[in-house]
Amino acid sequence: MQQTAPVTRITDFMKQRMAGFNPQGAIRALTMPVLGVLVFLLLWQMAAQNVTTSLGSLPGPAGVWEQAGNLWEGHLEEQRRAAEFIEMQKERNAQILERNPDAEVRIRPYSGKETFIDQILTSLGTVFSGFVLASLVAIPLGIVVGLNRYLYEAVNPVIQVFKPVSPLAWLPIVTLVVSATYTVEDPMVSRAFITSMVTVSLCSLWPTLVNTIMGVNAVSQDLRNVSQVLRLGFFTHVWRVVLPSAIPMIFTGLRLSLGIAWMVLIAAEMLAQSPGLGKFVWDEFQNGSSESLGRIMVAVIVIGLIGLVLDRGMLTLQRLLSWDRASATH
Amino acid sequence: MSHSRPHLELSSVGMGFPVKGGTFTALEDVNLRVNEGEFISLIGHSGCGKSTVLNIIAGLMRASRGGCLLDGREVTEPGPERAVVFQNHSLMPWLSAYGNVELAVRQVFRRSMTREQRRDWIIHNLELVHMGHALDKRPDELSGGMRQRVGIARALAMQPKVLLMDEPFGALDALTRAHLQDSLMEIQRELNSTVIMITHDVDEAVLLSDRIVMMTNGPAASIGEVLDVPLERPRDRVALADCPEYNRCRQSVLSFLYEKQQKVTPMPQRTARPASDADAVNA
């Protein structure tokens with residue numbers, strides 16, 4: 001009744017963000033970052049020329065930019081071919097149907113090689129699936145464990161042991177388990193995808209779990225007293241007191257988890273040979289053409305940029321959803 | 001009055017906390033009978049177990065010995081018929097003033113009131129504490145006094161049999177406190193609620209109470225004296241300043257606190273030995 005609708009909250013939020021915009025301040029705020037990037041590019045150019053590898057010297061910014069262009073061209077080219085392929089089938093089907101109206105016709109999908117852009121989309125899909133799976137496990141589990149001191153004492157050692165485990169250690173186990181258990185005929189999603197996703201989940205689960213437990217633990221005694229005086233039932237207590245109270249901490253955990261998920265994913269894709277940016281990097285490395293180094297660097301920069309965007313996205317989400325704006329800073 | 005069954009009764013309540021090497025007795029043999037519509041203040045030095053008494057009545061703590069009866073039924077757990085106004089407001093920081101009162105009202109009256117009735121009841125209670133203008137404000141947008149008003153509105157909205165207040169105005173500045181005391185007197189006169197309030201403030205106790213329960217110092221704190229405050233209501237703080245009866249009550253509480261129950265805190269004494277040790281090291 002008295003709560004504002006989500007839509008107005010979003011527009012209010014946008015207005016708030018736009019209200020403080022002044023061009024002079026923006027220029028001043030941008031000066032140093034732009035300068036920093038320029039100096040970095042300069043140093044990169046100078047250093048790259050002096051590093052010689054078996055594939056030639058390291059590419060400078062210009063070479064990497066060129067490769068980025070090539071990758072984009074390649075993507076457009078593949079799209080064009082796919083369109084042609086579909087078009088060709090349609091024409092042929094039309095001819096078949098003309099001769100025999102009862103004939104069964106179908107259109108086979110284009111199975112060309114995956115482009116760089118496709119790999120990015122695949123990676124994003126995998127990381128989100130893994131992250132969502134991890135969150136769906138970590139948040140409810142964290143709430144249950146956080147509410148019960150004994151359970152916490154029991155679970156804590158397990159968490160502490162598994163938290164620092166690297167994705168590389170999980171991967172063989174996950175691969176074996178997935179190949180043993182995921183034995184569907186004609187599977188909708190590939191086994192490699194499941195392997196990467198589960199590995200991402202296993203590694204990114206912990207920050208959300210730990211932060212949720214901490215958040216639930218930190219619900220103030222005063223608020224718990226209020227809940228007791230009101231005789232709130234267990235679920236009402238969790239839903240209306242514990243969860244909102246822990247939300248800022250949970251979001252902090254989610255942000256950390258998403259960052260880890262993205263880092264783990266690249267490693268997992270490399271090792272598991274599941275499609276995505278990691279595999280792209282690995283394939284280029286194996287390829288060993290003169291363009292490979294440039295392409296790998298494009299991938300490195302894209303990975304970094306996507307990581308940044310993911311983090312900013314989570315921060316914005318946190319600002320929108322959490323009552324405690326103060327906790328949603330850098 | 002003394003023949004009728006009391007509204008609230010504490011009988012030989014004792015409280016012990018387990019500590020290393022035994023039990024720490026915080027309270028011993030606390031007996032108190034409170035009538036309906038009475039305003040009782042609990043006063044005493046800090047650490048004398050006032051809050052423990054209040055928590056036992058609230059049901060947030062169980063007495064080790066003795067017990068608490070409300071309308072003849074033993075208090076075993078917290079409940080909305082014994083609403084508490086906490087010292088530091090204890091509002092949900094993510095809910096508006098309206099939302100905070102709603103949380104209580106929805107829980108207590110979910111069966112007996114329709115949605116519209118509940119809405120009116122929430123607004124009515126917030127207006128009672130003069131917070132009708134700030135329904136949508138969240139606690140961090142309100143001043144300390146306003147938060148405490150919302151806390152009182154939330155407690156009143158539960159329609160408690162007894163309203164328990166744990167130093168409700170302790171954290172407020174003097175002017176705000178006076179303002180809220182006046183509001184509380186007004187509300188109490190209107191609703192004739194039974195109130196038990198912890199306070200450190202002698203003037204507050206005399207101004208608001210029908211009876212002042214003075215507690216001895218712990219450990220094993222108990223009720224030292226109970227003072228009747230026979231001042232007529234409504235009471236006016238300015239007029240009372242010159243009233244002999246008011247000053248007699250005030251005098252009596254002050255003398256209990258600062259003469260009979262003087263809190264002796266030994267000053268940390270410097271002994272000669274560590275100094276000489278230090279000298280020896282330096283030398």
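Remember, predicted model here, so these are calculated numbers, not experimental data. Residue numbers here run from 1 along each chain, matching the order of that chain's written sequence. Labels follow written order: the first chain is A, the first ligand is 1, and so on. Totals for whole chains, interfaces and linings use every residue, but because this is a predicted model, local features are given only for residues with pLDDT of at least 70 and side-chain atom pairs only at 80 or more, for both listing and counting.

(A) Structural detail: the overall build of chain A. Every helix listed is a DSSP run of H or I at least four residues long, and every strand listed is a run of E at least two residues long, numbered separately from the N terminus. Along the backbone of chain A there are 11 helices and two strands. Going from the N terminus to the C terminus, chain A shows its helices and strands as α-α-β-β-α-α-α-α-α-α-α-α-α. Its C-alpha atoms give chain A principal-axis dimensions of roughly 75 × 65 × 45 Å. In this scheme every C-beta is placed from the backbone, and a residue whose C-beta has 20 or more other C-beta atoms within 10 Å is buried, one with 12 or fewer is exposed, and one in between is partly exposed. Residue burial in chain A is summarised as follows: out of 330 residues, 30% are buried. For every residue pair, C-beta atoms are placed from the backbone, and the pair is scored as a contact if these atoms sit within 7 Å. Across chain A, every contact between residues at least 6 apart in sequence was considered, and the portion connecting residues at least 24 apart equals 74%.

(B) View of the overall build of chain B. Scanning chain B from terminus to terminus reveals nine helices and 10 strands. Summarising its shape, the C-alpha atoms of chain B cover approximately 80 × 50 × 45 Å along the three principal directions. A total of 283 residues make up chain B; the buried ones form 42% of that total. The long-range share in chain B, meaning contacts at least 24 apart out of those at least 6 apart in sequence, stands at 70%.

(C) How the structure looks around the sheet that holds strand E1 (residues 8–19) of chain B. All names here are of chain B. A pair of strands is labelled paired if DSSP reports no fewer than 2 bridges between them. The antiparallel open sheet is built from four strands, whose spatial order is E2-E1-E4-E5. Edge positions in the sheet fall to strand E2 (22–34) and strand E5 (73–74), since each of these pairs with one other strand and no more. Examined bridge by bridge, E1 and strand E4 (residues 65–70) share five bridges and lie antiparallel to one another. Counted as the bridge partner of Leu10 is Cys68 from E4. Helix-sheet contacts for helix H1 (residues 50–58) involve E1, E2 and E4, and the interaxial angle to E2 is about 65 degrees. For helices, the fitted axis covers only the stretch in contact; all axes are lines through C-alpha atoms, and the angles between them, taken along N-to-C directions, range from 0 to 180 degrees.

(D) Main features of the domain arrangement of chain A. As annotated, the domain borders come from an automatic or database domain assignment. Partitioning chain A into domains gives domain 1 (69–113) and domain 2 (118–324). For domain 1 of chain A and domain 2 of chain A, the distance between their C-alpha centres works out to 38 Å.

(E) Expanded view of the confidence of the model for chain A. pLDDT measures how confident the predictor is about each residue, on a scale from 0 to 100. Confidence in the prediction for chain A averages 87 pLDDT; 95% of positions are at 70 or higher. No element of chain A has a lower mean pLDDT than helix H1 (residues 6–19) of chain A, which averages 69, and none a higher one than helix H8 (residues 221–229) of chain A, which averages 94.

(F) Representation of the interface of chain B and chain A within the structure. Residue-level contacts link 22 residues of chain B with 15 residues of chain A. Contributions of two or more residues to the side of chain B that touches chain A are made by strand E6 (82–85) and helix H2 (97–108) of chain B. Examining the composition of the side of chain B that touches chain A, we find that five residues originate from one element, H2(B), more than from any other. Residues are sorted three ways: Asp, Glu, Lys and Arg are charged, Ala, Val, Leu, Ile, Met, Phe, Trp, Tyr, Cys and Pro are nonpolar, and all the rest, Gly among them, are polar. For the side of chain B that touches chain A, a count of residues per class yields 14 nonpolar, six polar and two charged.

(G) Inspection of the packing of helix H7 (residues 191–217) of chain A against helix H9 (residues 234–272) of chain A at higher detail. All names here are of chain A. Two numbers describe how H7 lies on H9: the axes approach to 7 Å, and their chain directions differ by 155 degrees. Looking at the two axes, H7 sits roughly antiparallel to H9. Handedness of the crossing formed by H7 with H9: right-handed. Partitioned by chemical class, the residues of the contact of H7 with H9 number 19 nonpolar, 11 polar and one charged. Angle categories are assigned with fixed cut-offs, so that under 35 degrees is roughly parallel, over 145 is roughly antiparallel, 65 to 115 is roughly perpendicular, and the rest are oblique. Note on convention: the crossing is left-handed when the near helix lies turned anticlockwise from the far helix by less than a right angle, right-handed when the turn is clockwise.

(H) Focus on the nonpolar core. One finds A:Ala261, B:Ile57, B:Leu164, B:Ile196 and B:Val253 to be the most contacted residues of the largest nonpolar core, which totals 135 residues. Here the element with the most residues in this core is H9(A); it accounts for 17 residues. The residues touching B:Ile196, leaving out its near neighbours within four places in the chain, are B:Val34, B:Ile40, B:Leu42, B:Leu54, B:Ile57, B:Val162 and B:Leu164. Core membership is restricted to buried Ala, Val, Leu, Ile, Met, Phe, Trp, Tyr and Cys residues, and these are joined into a nonpolar core through C-beta atoms within 7 Å.

(I) Representation of the sheet that holds strand E10 (residues 223–228) of chain B. All names here are of chain B. Read across the sheet, six strands follow the order E6-E7-E8-E3-E9-E10 without closing on themselves; strand pairing throughout is mixed. Every interior strand has two partners, whereas the edge strands, E6 and E10, have only one. When the angles between neighbouring strand axes are averaged without regard to direction, this sheet yields 20 degrees.

(J) View of unusual backbone geometry. Residues and elements named next belong to chain B. Across the junction of Arg233 and Pro234, the peptide omega takes the value -5 degrees, indicating a cis bond. By the element assignment, Pro234 lies in the loop between E10 and helix H7 (237–240). The backbone of Ser90 sits at a positive phi, close to 50 degrees, despite the residue not being glycine. By the element assignment, Ser90 lies in the loop between E6 and H2.

(K) Representation of the packing of H9(A) against helix H10 (residues 277–287) of chain A within the structure. Residue and element names in this part refer to chain A. At a minimum axis separation of 7 Å, H9 and H10 run at an interaxial angle of 50 degrees. Compared by their axis directions, H9 and H10 come out oblique. Once H9 is placed against H10, the crossing between them reads as right-handed. Contacts between H9 and H10 involve Leu265, Ile266, Ala267, Ala268, Glu269 and Met270 from the first element and Leu277, Gly278, Lys279, Val281 and Trp282 from the second.

(L) Layout of the confidence of the model for chain B. With 92% of its residues at a pLDDT of 70 or more, chain B shows a mean pLDDT of 88. Predicted complex metrics record ipTM = 0.85 and pTM = 0.80.

(M) The environment of A:Ser196, seen in detail. On the secondary structure map, A:Ser196 appears in helix H7. Distance from A:Ser196 to A:Ile266, taken between C-alpha atoms, is 9.1 Å for residues 70 residues apart in sequence.

(N) Geometry of the pairing of E2(B). Residues and elements named next belong to chain B. Here E1 runs beside E2; their pairing, made up of nine bridges, is antiparallel. Residue Leu10 lies in a different strand from E2, and its bridge partner there is Leu32. Counting the residues that bridge the hairpin from E1 to E2 gives two residues, and of these Gly21 lies at a positive phi of roughly 80 degrees.

(O) Spatial organisation of the environment of B:Gly72. All names here are of chain B. In this fold, Gly72 is placed in the loop between E4 and E5. The exposed category is assigned to Gly72, around which 9 C-beta atoms lie within 10 Å. For Gly72 and Thr216, which are 144 residues apart along the polypeptide, the C-alpha to C-alpha distance reads 27 Å.

(P) Geometry of the pairing of strand E8 (residues 194–199) of chain B. All names here are of chain B. Within E8, six of the six residues are buried, leaving the element largely enclosed by the surrounding structure. Covered by surrounding structure in E8 are Thr194, Ile196 and Ile198 together with Val195, Met197 and Thr199, the residues of both alternating faces. Across five bridges, the pairing between strand E3 (residues 39–43) and E8 is parallel. By the bridge assignment for E8, Ile43 is matched with Thr199. Pairing of strand E7 (residues 162–166) with E8 involves five bridges; the strand directions are parallel. Looking at E8, one finds that Asp166 is bridged to Ile198. Crossover handedness is defined by viewing with both strands directed away from the observer: a clockwise path from the first strand over the helix to the second marks the crossover as right-handed. Crossover E7 to E8 through helix H5 (residues 174–191) is right-handed.

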